[in-house]
Amino acid sequence: MIWICYIAMLIVPYLMSGINFSIIVCKMKTGKDIRTMGSGNAGLTNTLRVLGKGAAGIVLIGDVSKAALAVLIVRLVFLFVGGVDTMNPAAEMTWVEYFAVFMAIVGHCFPIYYGFKGGKGVLAAISAIFVLDWRIACILLGIFIVLVAATRYVSLGSCVASSCFCIAAPLFGYFLDHDPAFIVNTFIAAFCGGLIVFRHRANIKRLVTHTEKKLGEKAK
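Below or above, wherever it landed, is the structure these notes cover.

With that settled, the discussion passes to the overall build of the chain. Secondary structure summary: the chain contains 11 helices and zero strands in total. Starting at the N terminus and walking to the C terminus, you meet the elements of the chain as α-α-α-α-α-α-α-α-α-α-α. Scaling as 2.2 N^0.38, a compact globule of 220 residues should have a C-alpha radius of gyration of about 17 Å, and the chain matches this with 17 Å. Referenced to the eigenvectors of the C-alpha coordinate spread, the extents of the chain come out at roughly 50 × 35 × 25 Å. Put simply, the chain has 220 residues, and 47% of those count as buried.

Listed below in structure tokens is the structure:
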């Protein structure tokens, strides 16, 4: 029955995170596609700029819930169907939850429902990481908040915090949890951070040329 668990690890986070609340809310509110408005990104920041705080609040709740629930479902499937506790480092299966986080990010970035054109994966990532390890999530969220508060560049905070995931993973896995799977987890965390940074490549170019919009600036 373990094969059912691995299928769930691949499919559940991808399909659940592929539900894009930014696209849904914008379509319901304006009849338009959020990907043709503002920065063109189907995510929280663009929703805030284009549709305002109310719509952004709905997107925030939806995107946080879908990714967190997806990783939790994978954990429960392995526990009750496969008989494996993926939270216990002694079981050497913590990599399952890391991979579920990765698939949640992939689902948000490349959703099958919307022609594989989704958001940039930041909100899905942090909510999924909170289920994976709240300690790591708090550190990454803290880095994000400090950078955004200091610079008002959401993209900068997103890229730096995402990059720090591959640093936090081995620090906690090796030194605190003594997790035998920490090397695999580090590689998966690097792919997670790398994908998010890649999705922000246009933002990085604008940061370099000082044309990136700051938090609170309205989209044209």
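Take the nonpolar core next. The biggest cluster of nonpolar side chains holds 43 residues, and the ones touching the most others in it are Phe78, Tyr98, Val101, Ile105, Ile136 and Phe165. Among the secondary structure elements, those contributing two or more residues to this core are α1 (2-17), α4 (53-80), α5 (95-109), α6 (122-132), α7 (134-151), α9 (165-176) and α10 (182-199). In terms of residue count, α5 provides more of this core than any other element does, 10 residues in total. Dropping the residues within four chain positions of it, Phe78 is found in contact with Ile2, Cys5, Tyr6, Met9, Gly83, Val84, Thr86, Met93 and Val96. Formed by 10 residues, the second largest nonpolar core is a distinct cluster that contains Ile23, Val25, Ala55 and Val59.

With that settled, the discussion passes to the pattern of salt bridges. This structure, assessed with the given rule, holds six salt bridges. With a shortest N-O distance of 2.7 Å, Asp177 and Arg135 are connected by a salt bridge. With Asp177 in the loop between α9 and α10 and Arg135 in helix α7, this pair connects stretches of sequence that are 42 residues apart. Taking the relative accessible area as the measure of exposure, Asp177 reaches 28% and is therefore partly exposed. In the salt-bridge network here, residues are joined through shared partners; they are Asp133, Arg135 and Asp177.

We now examine the packing of α1 against α4. Where α1 meets α4, the axes come as close as 9 Å, and the angle between the chain directions of the two elements is 175 degrees. By the angle between their directions, the pair α1 and α4 is classed as roughly antiparallel. Residues Ile2, Cys5, Tyr6, Ala8, Met9, Val12, Pro13, Met16 and Ser17 of α1 touch α4, and the partners they reach there are Lys66, Ala67, Leu69, Ala70, Ile73, Val74, Val77 and Phe78. Across the contact of α1 with α4, the residue classes tally to 15 nonpolar, one polar and one charged.

Turning our attention to the environment of His108. Relative to the elements of secondary structure, His108 occurs in helix α5. What makes His108 buried here is its relative accessible area of 4%. If near-sequence neighbours (up to four positions away) are discounted, His108 is found in contact with Ser17, Gly18, Asn20, Ala42, Asp63, Lys66, Gly118, Gly119, Lys120, Gly121 and Ala124. A distance of 2.8 Å separates a polar atom in the side chain of His108 from a polar atom in the side chain of Lys66.

Cut-offs used in this document
Residues numbered from 1 in each chain as written. Predicted model: local features only at pLDDT ≥ 70, side-chain atom pairs only at ≥ 80, totals over all residues. Heavy atoms only, no water. Helix = DSSP H or I, 4+ residues; strand = E, 2+ residues; numbered from the N terminus. Rg over C-alpha atoms; globule rule 2.2 N^0.38 Å. Buried < 20%, exposed > 50% of the residue type's maximum accessible area, 1.4 Å probe, protein only. Core = buried A, V, L, I, M, F, W, Y, C linked by side-chain atoms within 4.5 Å. Contact = heavy atoms within 4.5 Å. Salt bridge = Lys/Arg side-chain N within 4 Å of Asp/Glu carboxyl O. Axes fitted to C-alpha atoms, helices over the stretch in contact; angles between N-to-C directions. Parallel < 35°, antiparallel > 145°, perpendicular 65-115°, else oblique. Nonpolar A, V, L, I, M, F, W, Y, C, P; charged D, E, K, R; others polar. Polar contact = N/O pair within 3.5 Å; in protein donor to acceptor, adjacent residues only side chain to side chain.

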